[in-house]
Amino acid sequence: MTAATAPEGVAIETSDGALRITLDRPARKNSLDVPAIRRIVAALEAAATDDSLRVVVLAASGADFCAGADWVASNSAGARPRTGSLQRRTPLQHHRVIELIREIQLPVVCSVRGWAAGLGFQLALAADFTIASESACFWEPFVERGFSADTGATWLLPLVGVTRAKELLLLGRKLSGAEAASWGIIYRAVPDAELDSATASLVGELAAGPTVAIGLTKHGIHRSLEAGLVEAMQGEALALELSSRTADFKEGLLAFKERRAPKFEGR
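About the cut-offs
- Residue numbering note: each chain is counted from 1, following its sequence as written.
- In view of the model being predicted, local features appear only for residues whose pLDDT reaches at least 70, and side-chain atom pairs are presented and counted only at 80 or more, with totals across whole chains, interfaces and linings using the full set of residues.
- Each side-chain value is worked out from all heavy atoms of the structure, with water and hydrogens disregarded.
- Runs of E in the DSSP output that reach at least two residues are strands. Runs of H or I that reach at least four are helices, and both are numbered from the N terminus.
- Exposure categories follow from relative accessible area, calculated using a 1.4 Å probe and restricted to protein chains: below 20% of the type maximum is buried, above 50% is exposed, and the middle band is partly exposed.
- Axis definition: a line fit to C-alpha positions, over the contact stretch in the case of helices; interaxial angles, taken between N-to-C directions, run 0 to 180 degrees.
- Oblique is the label for any angle not under 35 degrees, not over 145, and not in the 65 to 115 range, which are roughly parallel, roughly antiparallel and roughly perpendicular in turn.
- In this scheme the handedness of a crossing depends on how the near helix is turned from the far one: anticlockwise by less than a right angle means left-handed, clockwise means right-handed.
- The contact criterion used throughout is that any non-hydrogen atoms of two residues lie within 4.5 Å.
- A pair of strands counts as paired when DSSP detects no fewer than two bridges linking them.
- Any residue with relative accessible area above 30% and no salt bridge may belong to a patch, with like charges joined within 9 Å and the nonpolar Val, Leu, Ile, Met, Phe, Trp and Tyr side chains within 5 Å.
- Every accessible area reported is derived by Shrake-Rupley at a probe size of 1.4 Å, with residue values counting cover from the shown protein chains alone.
- In what follows, salt bridge is the name for a side-chain nitrogen of Lys or Arg lying within 4 Å of a carboxyl oxygen of Asp or Glu.
- A helix is expected to span 1.5 Å for every residue after the first.
- Comment: arc refers to directions from the helix axis out to C-beta atoms.
- Buried Ala, Val, Leu, Ile, Met, Phe, Trp, Tyr and Cys residues that are joined via side-chain atoms within 4.5 Å together make up what is termed a nonpolar core.

Draft legend 1. Inspection of the environment of A193 at higher detail. Along the polypeptide, A193 turns up in the loop between β9 (188-190) and α10 (195-207). With a relative accessible area of 80%, A193 lands in the exposed category. Distance from A193 to S133, taken between C-alpha atoms, is 8.0 Å for residues 60 residues apart in sequence.

Below, the structure written as structure tokens:
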């Protein structure tokens, strides 16, 4: 789907158990304006309760993944917004996207080529698995533009180290895809020509997995960042209770007994 036909510059497609969200504003380096954000939020909220889905894919058309929020569009509406507009709107728009990517009990794969700046960088950080081309460029442009970071950057980046987070956020250090992988910021970097095939392989692997167990485990990992050991283990016990009642659990045990690969159905 091209930019001319993708509503709000975001193409949404569902196939083979995968929700594919493709940023489709290549003329703007896939920067996201408010209508695009709303479309992504709506797609993720619907996906969270769609039992036919097993994986979410974030990708982009053109040479760049996402140059961040489209501040040009946001500031060209004419009348100056009321004081406090950002703090009222951001939690329901840009921040909501990051929250949904983290909270949805489906694995989220992000495929990055070219620029991933600001919000684009945070989309990659929030995803469960980000694969980038080795020549991709990750950048936090906030301080260089004279304002502070948003969309979870000050929470997500310190997960890979406070010093590195400060280097990226306060000094504006740019990282190639290869460097981002070596820092542990993303899952993997591959040669540019292999990005699509590497992404497809991972998406296929996750789509064939035990979706309920994957979702509960993802939820537990994220909750553990804000909990102590005892609370984390309580969460594990509840997740185990739920996942052990699934058809996929029964299939996993039967496959082990029969010494064959399991055939999970995501239920």
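Draft legend 2. Geometry of the packing of helix α1 (residues 34-47) against helix α4 (residues 94-103). Axis separation between α1 and α4 bottoms out at 9 Å; the angle between their running directions is 25°. As summarised for this structure, α1 and α4 are arranged roughly parallel, according to the angle between their axes. Crossing of α1 over α4 shows left-handed handedness. Of α4, the residues touching α1 (which contributes I37, I40, V41, L44 and E45) are H94, R96, V97, L100 and I101.

Draft legend 3. Broad picture of the sheet that holds strand β4 (residues 108-112). In spatial order, the strands read β1-β2-β3-β4-β6-β9; together these six strands make up an open sheet with mixed pairing. For this open sheet the edge positions go to β1 (10-15) and β9, each flanked by a neighbour on one side alone. Adjacent strand axes in the sheet meet at a mean angle of 20°, parallel and antiparallel pairs treated alike. In this structure, strand β6 (residues 129-133) lies alongside β9, joined through three bridges in parallel fashion. Looking at the pairing, I131 lines up with R188 of β9.

Draft legend 4. A nonpolar patch on the surface, seen in detail. There is a patch of nonpolar side chains on the surface, built from V143, L170 and L171 and spanning about 330 Å² of accessible area. Mapped onto the elements of the fold, V143 is located in helix α6 (residues 142-145).

Draft legend 5. Expanded view of the sheet that holds strand β8 (residues 175-176). Judged by pairing direction, the sheet is mixed, and its three strands sit side by side in the order β5-β7-β8 without closing on themselves. Two strands in the sheet have a free side with no partner beyond their single neighbour: β5 (115-117) and β8. Relative to strand β7 (residues 137-139), β5 runs parallel, the two being bridged by three bridges. Across the sheet, residue A116 finds its bridge partner in β7, namely F138. In the packing of helix α5 (residues 119-126) onto the sheet, contacts are made with β5 and β7, and the angle to β5 comes to roughly 90°.

Draft legend 6. Seen up close, α5. The element α5 is largely enclosed, with a buried count of eight among its eight residues. Of the residues making up α5, those classed as buried are L119, G120, F121, Q122, L123, A124, L125 and A126.

Draft legend 7. Geometry of α10. The end-to-end C-alpha distance of α10, which contains 13 residues, comes to 18 Å, matching closely the 18 Å that a straight helix rising 1.5 Å per residue would cover. Along α10, the residues classified as buried are L195, A198, T199, L202, V203, L206 and A207. Along the axis of α10, the buried residues cluster in a sector spanning 160°; they form a single face. Residues S201 and E205 are exposed on α10 and point more than 90 degrees away from its buried face. Summarising the contacts, the buried residues of α10 are in contact with β2 (18-23), β3 (55-60), β4, β6, β9 and α11 (211-224).

Draft legend 8. Here's a closer look at the pairing of β1. Bridge analysis of β1 against β2 gives six bridges, and the strand direction is antiparallel. In the strand pairing of β2, V10 is matched with L23. Connecting β1 to the next strand, β2, in antiparallel fashion are two residues, including D16 with a positive phi near 50°.

Draft legend 9. Layout of the side chain of H94. By secondary structure assignment, the location of H94 is in helix α4. Residue classification places H94 among the buried residues on the basis of a relative accessible area of 11%. Residue contacts for H94: discarding those within four places in its chain leaves L32, I37, A69, L119 and T151.

Draft legend 10. Local environment of the nonpolar core. Residues I21, L32, F65, V112, F138 and I185 are the most contacted members of the largest nonpolar core, which totals 50 residues. Counting residues per element, the ones that place at least two in this core are β2, α1, β3, α4, β4, α5, α7 (153-156) and α8 (162-170). Sort the elements by how many residues they give to this core and α1 lands first, with seven residues. Setting aside chain neighbours within four positions, we find F138 in contact with V112, A116, F121, A124, A132, R173, K174, L175, S176, G177, A180 and I186. Membership of the second largest hydrophobic core comes to twelve residues, among which are A18, V109, A198 and V203.

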